[in-house]
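# Notes for the structure review
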Amino acid sequence: MHILIVSHSSATALNQEVYARVQRETGWKITLVVPDRWHDEFGNALRQEPCKGLEDSVIRCAVWKNGSIIFHVYRMRWQRFLRELKPDVIYMNHEPYALATAQVCHANNRSIRVPFGFYSCQNINKKYPVPFSWLERMVYNSSSFALPITDRVAEVLQAKGYRGRQTVCALPLDPERYHPRLRATPPERFPQTKMPVIGYVGRLIEPKGLRTLAAALGRVRDLDWRMVLVGTGEFQAEFEKLLTDEGVRDRIFFAGYVPHDETPRWLASMDMLVLPSETQPNWEEQFGRVIPEAMACGAAVIGSDSGEIPHLIRQSEGGLIFTQRDPAAMAVLLRQLISGPKLRRQLAENGRHWVERDISIPAVAQKMIEAFTAAAKNPQAGQVETLQPLNSIHAFAQS
């Protein structure tokens, strides 16, 4: 079987590894289309060599609106490409309302009409304006399978009208790359201390709950601890002021931007990770990928009850949950973990076991294999829909 996968996130080799695993497990042919260079949220132009096993499988393609997950499209004559490639299944590692998804879906409908599927991490039932609502409907009606990242995302897809098969596939990680043994070789810049280290990895923006975090840290300043923050963002200056006002700024180390493939060593050097995100009118945590990454590296987790955070923590039994925007509640949990090395170890062991069992690359690859196999054997695609007027599609779908 021949699987065509289109994925902007696979501009990085780490995100290709699950597809290499699928190919290795099945012997199928994988063709992976990725942006030639992808501009990430930190302004980096990502272009890496393919991961081991996919050296001859990756096709690089220029894109318009580079860096925009929803608006970018591939500079490809898709109908001709699909006719020449002749894949058996097409999987878009893109949201159903994204222009790139509609671009390839439309080309498939007008050419080879093979089973088509998409990815989704949207856990809020949003209504999009025209033409995105049209494109989303076309993708729903033309798709035979979907790979939502959580049960909540699957519920949203169903509520919005998608009626095809769904296979929940968490964002996968490699438990050998993210491993507690990395603690033996901490990054050179990591602060040397015998005190418990609180960690944060992510963007330094206000919706991530940094005001609450600063206030909570002030409530545990009587204890011995240090904190390391990995990431950058426009809220850093204000956050530093809040930490100064709380009397704890001198205990905090700002590491700045760290490449994704270097974060495992930072995570493994932390005793606990905090993720105090706060739900906004149009956003809540969709997965909190840093949670399983930290658990795989042997860190306990403290997370708010925003979005998927509490579900991940409950499933894994690898952390503690507090009510978002409540610094007193967060401080109680910080105090428990700072003062409780035995509790930290137990939570870390639970989290590591969950990662290996449920969201490791082998586990997620097996779910993908089952989804692709079912799609090829019994497509059950909805009615293939051609939208009128088509100007909104022809504007970006080159054929």
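Before reading further, recall that the structure is shown in the block above.
To keep things clear, this report deals only with the structure shown in the data block. All figures in this text were calculated on a predicted structure; none of them were measured in a lab.

Rules and cut-offs
- Residues numbered from 1 in each chain as written.
- Predicted model: local features only at pLDDT ≥ 70, side-chain atom pairs only at ≥ 80, totals over all residues.
- Heavy atoms only, no water.
- Buried < 20%, exposed > 50% of the residue type's maximum accessible area, 1.4 Å probe, protein only.
- Helix = DSSP H or I, 4+ residues; strand = E, 2+ residues; numbered from the N terminus.
- Pairing = 2+ DSSP bridges.
- Right-handed = clockwise from strand over helix to strand, strands pointing away.
- Core = buried A, V, L, I, M, F, W, Y, C linked by side-chain atoms within 4.5 Å.
- Contact = heavy atoms within 4.5 Å.
- Axes fitted to C-alpha atoms, helices over the stretch in contact; angles between N-to-C directions.

## Structural notes on the pairing of strand 12 (residues 197-201)
Counted residue by residue, strand 12 has five buried out of five residues, so it is predominantly covered. Going residue by residue along strand 12, you find V197, G199 and V201 tucked away on one face and I198 and Y200 tucked away on the opposite face as well. The pairing of strand 12 with strand 13 (residues 226-230) spans five bridges and is parallel. In the sheet register, V201 faces strand 13, and the bridge partner there is V230. Handedness of the crossover is the feature at issue here: the chain leaves strand 12, passes through helix 6 (residues 210-219), returns alongside strand 13, and the resulting connection is right-handed.

## Topic: the nonpolar core
Judged by nonpolar contacts, the single largest core of 64 residues is most densely connected at L267, M270, M368 and F372. With eight residues, the top contributor of residues to this core is helix 13 (residues 361-377). Not counting residues within four places of it along the chain, the set of residues in contact with M270 comprises R183, F190, V197, G199, Y200, V201, V228, V230 and A299.

## With respect to the sheet that holds strand 12
If you walk across this open sheet you meet the six strands as 14-13-12-15-16-17, and the pairing is parallel. Because the sheet does not close on itself, it has two edges, and the strands there are strand 14 (252-256) and strand 17 (319-322). Across this sheet, the average inter-strand angle for adjacent strands is 20°, counted without regard to direction. Across four bridges, the pairing between strand 16 (residues 300-304) and strand 17 is parallel. Its bridge partner being in strand 17, S304 is matched across the sheet by F322. Set on the sheet, helix 7 (residues 236-245) makes contact with strand 13 and strand 14; between it and strand 14 the angle comes to about 170°.

## Side note on the environment of T12
Summarising the element assignment, T12 is placed in the loop between strand 1 (2-6) and helix 1 (17-26). Residue T12 is classed as buried on the basis of its relative accessible area of 13%. Expressed as a C-alpha distance, the spacing of T12 and R37, which sit 25 residues apart in the sequence, is 9.6 Å. Excluding residues within four positions of it along the chain, T12 makes contact with L46 and Q48.

## Regarding the sheet that holds strand 8 (residues 89-92)
Read from one edge of the open sheet, seven strands run 5-2-1-8-9-10-11, paired in parallel fashion. A strand with exactly one partner marks an edge of an open sheet, and here the two such strands are strand 5 (58-61) and strand 11 (165-166). Pairing of strand 2 (residues 29-35) with strand 5, which is carried by four bridges, proceeds in the parallel orientation. Of the residues in strand 5, the one forming a bridge with L32 is V58. Across the face of the sheet, helix 5 (residues 151-159) comes into contact with strand 9 (116-120), strand 10 (145-148) and strand 11 while running at roughly 140° to strand 10.

## A word on unusual backbone geometry
Trans is the prevailing form of peptide bonds, just as negative phi is the prevailing case for residues other than glycine. The omega torsion across V130 and P131 is 10°, close enough to zero to call that bond cis. With respect to the helices and strands, P131 occurs in the loop between strand 9 and helix 4 (132-142). Unlike most non-glycine residues, R113 shows phi in positive territory, near 55°. Secondary-structure assignment places R113 in the loop between helix 3 (99-110) and strand 9. The backbone of E317 sits at a positive phi, close to 55°, despite the residue not being glycine.

Keep in mind these values describe shape, not function.
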